[in-house]
Every structure is written in structure tokens, then in C-alpha cells.
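Report on the structure
The lines below spell out each chain.
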There are 2 protein chains.
Amino acid sequence: MLETINIVKPAEIEKTSMEIIARELHGRTFPELEEPIVKRCIHTSADFDYADNLVFSPNAVSEALYAIRNGASIVTDTKMAASGINKKRLSQFGGKVYCFMDHEDVAEEAKERGCTRAVVCMERGAQVEGPVIFAIGNAPTALIHLYELIHEKKADPVLVIGVPVGFVNVIESKELYLKSGIPHIIAKGRKGGSNIAAAICNALLYQA
Amino acid sequence: MLETINIVKPAEIEKTSMEIIARELHGRTFPELEEPIVKRCIHTSADFDYADNLVFSPNAVSEALYAIRNGASIVTDTKMAASGINKKRLSQFGGKVYCFMDHEDVAEEAKERGCTRAVVCMERGAQVEGPVIFAIGNAPTALIHLYELIHEKKADPVLVIGVPVGFVNVIESKELYLKSGIPHIIAKGRKGGSNIAAAICNALLYQA
């Protein structure tokens, strides 16, 4: 039975996958710097909705690439996204990945203040030195609180990747950014997730 | 602007999300033990395709729940899935999560033998003591090699969660299981991923 499977070598799988994705996009074109990001989101989910739901603010990608080359770090709201980001590649430029979600003192502080851990994590993230990209793949409350921090001039990210997934507060949290001047890559609607957040970060890293 | 968002408390978000999912399934019913798994996959992806593409072999869930309650461990092919699985809950029953992908000696052995790391990882997984659930969210080569190990009687998992995502070898790797007597939960077609693998594991853990 196994003989009937023509096993493609791992090194070739990504190339072949990207060719299939390009073919099934039926000649649709995207801005040059955005295309690898759209394709990697489709690659990581097998979901062509990402051809339509990703929104890029003007120069979001070029400015993020510049920041990465200059040692930008990435702050994310989930351990899963932190696991998926290519940390070796990021470290070659001098950046690090930060996720504060499972720090014990974060849980304690959130309990004391009666807020979510995501809120405390965004505040910790805002204190990371140097240029910072925020990649939010899970918690809409993180995305909302980050928006507040930016407006209070307590955070100044070079890019906000806003791709929480779900059914409650998610669309609203994303719309805050779509209407704003904050540099962003947003997955409109309900879709997204830690895997999509990591895919977008990696697509940036592979272009940097 | 923020005042217009009616922020739902995190504790209530999951409950409300599940209610929305139930509503949008328009009265569709699933077998009692399978329903929480289908809903959690939709919850984690906002993708209702999982209402149609998940296939459960007979008694797959009840036998997995029995194994978890008796200390089953989970072997997975990605660090992202390992990050996402509720390890605290699993450890309450005595089980552990294993992912061998980034072990240095795995990379070395794969290089020496001219095979993929995923292949070596499945062999390591087959040596884990006690009942084992395999959760494959990324590498079709892992799913295919696991199938070979089972047929060679070198592995005997209580359940195979086969949800690699992608465009090459993925559908074929899943079809091996659909035709087999191996206990499985498979996401038919191209979709799946580490997030889906973790979601299925967690849905099992929350029922156990």
C-alpha cells in the first residue's frame, strides 16, 4: 500500500507546496513583499481564506523587515506562537522572542490587579528594549490592551501582527487597528491563531 | 472608541464561544463523545470545515479516554503542539508529553541514516512505555512512518491523531489510516496543523 505514495523529500515539500498554492490562486497577484506572507499563511493552514482576509497597513512589511535587520525582537501572547517562530533566524539579526504568559509573577500580578494575564504581558512587552514587533495570535484582550498602551504612548511597536482567533471580542479587537495609523498586519474576521502569528513572523524572517 | 467594545471576561469567553459555535452548527448533532472535539477544533481555528472533515474510528474516543485516565502519554511531532497541550491536566492522570523533534541526537541519527527527523521521532515515540497517543500535526512523513511501525508491530498506539496540514503527501498519509483498523482521529483532506493536534488532545483531556 505504501508503494503507491510517491513520497516527496522534505526539502522539496515546501517548494512543491508553494507551487500548488500559486497555481490554486489562479494568477491572483499581491504586492511583492506581502505575497510570501499570504502564501505562508495558506501553507500553514491549507486555508485559502487568508488570500482575502489579510490586511497590511502601508509599508508595514518594509518597515518590519528594516526593523528585523536592525535587531527587532518579537513579543507574542502565546507559548505556541513562541515555539513556532524561527528563533535561530531571528537571533542571527540580534532579536529575541518574548512570551511572558507563563511567568509566575505575571499570573500573580494579574490576580492582584484583577486583570487578565494578557494585559500584564503586553505591559511587559512594552518594556522590551529596542524595536519590537508584537504578534498576537490568541488573546483579543491582549490586542485591545496593546492598542490602549500605544495610545497612551506607553508602547511604540514597529508592527502589530493582530491575528487572534475566535468568536468573542476578536473582530472588534482587530477593527481597532484597521481604523488606526498603527502599523499592522491583521487577519480580518474570526480567523487567525498562534500558527498564523508564527507563520507571519517566519515569512518576515525569511525575507529579511 | 474602546467603550464601544463590550469586553467579555476570559472565563466567559470560552463558554460564549461554544454557544456561538453550537448556534452556527444549526442543530447538527454529533456522537456525544466526539462533539466536544469537533467544537474545540472549530474554536481553535474559527473554521467550520472541521464539522465535516473529522473522522473517528469506532470507539476511538472512549478508548483514548480510558487510556488517559490510566496514565497514557502523548507523543507529538511538533514543539508547537507540545506547547499547546495542557500538560498540567495530563500529568494529573500520570501522563507526559513527548516531542523528540529538536533533540540533537535525533538530528544526528536522521543525518546518518539519510531519513527525516520525523521518522526517527516516531521510532523514539514507539519506545515510550505505557499506553501512548500519537498526535501528528505537521509531518506527513511521521504519519506514514508510524503506520509502517504499527504494521511491523514496533508500535501499538491507543490512538493516532492524524492531522498534518498541507499540500504534499498529506491526504495520502491520512488515507492510510482511514482504510486501516488502527484507532484514529483524522482530519480528512489538506487541513489540520499543530493547533488542531493540540486542540484534539485538550478536548480529550477535558473529557477524561
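Structural data are supplied above this passage.
Residues numbered from 1 in each chain as written. Chains lettered and ligands numbered in written order. Predicted model: local features only at pLDDT ≥ 70, side-chain atom pairs only at ≥ 80, totals over all residues. Heavy atoms only, no water.

The subject of this paragraph is the packing of aromatic side chains. Per the counting criterion, the structure on display carries six aromatic pairs over all chains. Their ring planes at 85° and their centres at 6.0 Å tell us that Phe 48 of chain A and Phe 167 of chain B sit as a pair that is edge-to-face. Here Phe 167 of chain B lies in the loop between β5 (159-162) and α10 (170-178) and Phe 48 of chain A lies in the loop between α2 (35-45) and α3 (50-53), a pairing that spans two chains. The exposure class assigned to Phe 167 of chain B is buried, which follows from its relative accessible area of 11%. Seen in terms of ring centroids, Tyr 98 of chain B and Phe 100 of chain B are 5.9 Å apart; in terms of plane orientation they differ by 15°. Their pairing is stacked. On the basis of relative accessible area, Tyr 98 of chain B is assigned to the partly exposed category, the value being 23%. (Phe/Tyr/Trp six-rings, centres within 6.5 Å; stacked < 30°, edge-to-face > 60°. Helix = DSSP H or I, 4+ residues; strand = E, 2+ residues; numbered from the N terminus. Buried < 20%, exposed > 50% of the residue type's maximum accessible area, 1.4 Å probe, protein only.)

Before going further, it helps to spend a moment on the relation of the copies chain B and chain A. Relative to chain A, chain B is turned by 180° and slid 0.0 Å along the rotation axis, the superposed coordinates differing by an RMSD of 0.0 Å. These values place the two chain copies in the arrangement generated by a two-fold rotation axis. Taking C-alpha positions as reference, the residue of chain B nearest the rotation axis is Met 80 of chain B, located at 2.5 Å. Mapped onto chain A, 95% of the interface residues of chain B again fall at the interface, so both copies present the same surface. (Least-squares fit on C-alpha atoms with pLDDT ≥ 70 in both. Contact = heavy atoms within 4.5 Å.)

For the rest of this paragraph, the subject is the sheet that holds strand β3 (residues 97-98) of chain B. Residue and element names in this part refer to chain B. Strand order in the open sheet made by the six strands is β1-β6-β5-β4-β2-β3, with mixed pairing throughout. The outermost strands of the open sheet, each flanked by one partner alone, are β1 (54-56) and β3. As paired elements, strand β4 (residues 132-136) and β5 share four bridges and run parallel to each other. For Ile 133, the partnering residue across the bridge sits in β5 and is Leu 159. Those strands touched by α10 are β1, β5 and β6 (184-187), and its axis lies near 150° from that of β6. (Pairing = 2+ DSSP bridges. Axes fitted to C-alpha atoms, helices over the stretch in contact; angles between N-to-C directions.)

So, about the nonpolar core. Counting residues in each nonpolar core, the largest one holds 116 residues, and the members touching the most others are Ile 161, Ile 200 and Leu 204 of chain A together with Ile 161, Tyr 177, Ile 200 and Leu 204 of chain B. Those residues within four positions of Ile 200 of chain B in sequence are excluded, and the remaining contacts are Ile 37, Cys 41, Leu 54, Ile 161, Val 163 and Ile 185 of chain B. The next biggest cluster of nonpolar side chains, apart from the first, holds 29 residues, and it includes Phe 100, Met 101, Phe 134 and Tyr 177 of chain A. (Core = buried A, V, L, I, M, F, W, Y, C linked by side-chain atoms within 4.5 Å.)

This part is about the packing of helix α9 (residues 140-151) of chain B against α10 of chain B. Two quantities define a packed helix pair, namely the angle between the axes and the distance from one axis to the other. All names here are of chain B. Interhelical geometry of α9 versus α10 gives an angle of 25° and a closest axis separation of 8 Å. It follows that α9 is roughly parallel to α10 by the angle criterion. Along this stretch, α9 crosses α10, giving a crossing that reads as left-handed. Along its contact with α9, which presents Pro 140, Leu 143, Ile 144, Leu 146, Tyr 147 and Ile 150, the element α10 presents Val 170, Ser 173, Lys 174, Leu 176 and Tyr 177. Residues of the contact of α9 with α10, tallied by class, amount to nine nonpolar, one polar and one charged. (Parallel < 35°, antiparallel > 145°, perpendicular 65-115°, else oblique. Left-handed = near helix turned anticlockwise from the far one by under 90°. Nonpolar A, V, L, I, M, F, W, Y, C, P; charged D, E, K, R; others polar.)

All names here are of chain A. Taken in spatial order, the six strands make up an open sheet running β1-β6-β5-β4-β2-β3, and their pairing is mixed. If you trace the sheet from one side to the other, it starts and ends with β1 (54-56) and β3 (97-98), each paired once. Here helix α4 (residues 60-69) sits on the sheet in contact with β1, β4 (132-136), β5 (159-162) and β6 (184-187), set at roughly 120° to β6. Strand contacts of helix α11 (residues 194-207): β1, β2 (73-76), β4, β5 and β6, with the helix running at about 140° to β5, the strand carrying the most contacts.

So, on to the pattern of salt bridges. In the structure shown here, the tally under the stated rule is 26 salt bridges over all chains. Here Arg 124 of chain B makes a salt bridge to Asp 105 of chain B, at a shortest N to O gap of 3.0 Å. Of this pair, Arg 124 of chain B sits in helix α8 (residues 117-126) while Asp 105 of chain B sits in helix α7 (residues 104-113); the two residues are 19 residues apart in sequence, bridging distant segments of the chain. One connected set of salt bridges, linked through shared partners, spans Asp 105, Glu 109, Arg 113, Glu 123 and Arg 124 of chain A. (Salt bridge = Lys/Arg side-chain N within 4 Å of Asp/Glu carboxyl O.)

This part covers the interface of chain B and chain A. By a frequent convention, interface size equals the accessible area lost on bringing the separate parts together. At the interface, 43 residues of chain B touch 41 residues of chain A. Where chain B packs against chain A, one counts two salt bridges. Between Arg 190 of chain A and Glu 24 of chain B there is a salt bridge, and its shortest N-O distance comes to 2.6 Å. At the junction of chain B with chain A, the criterion picks out four residue pairs in polar contact (both at pLDDT 80 or more). Every element with two or more residues in the side of chain B that touches chain A is listed here: α1 (10-24), α2 (35-45), α5 (79-84), α9, α10 and α11 (194-207) of chain B. In terms of residues, the side of chain B that touches chain A owes the most to one element, α1 of chain B, which gives seven residues. Here the side of chain B that touches chain A is built from residues that sort into 21 nonpolar, 15 polar and seven charged. (Polar contact = N/O pair within 3.5 Å; in protein donor to acceptor, adjacent residues only side chain to side chain.)

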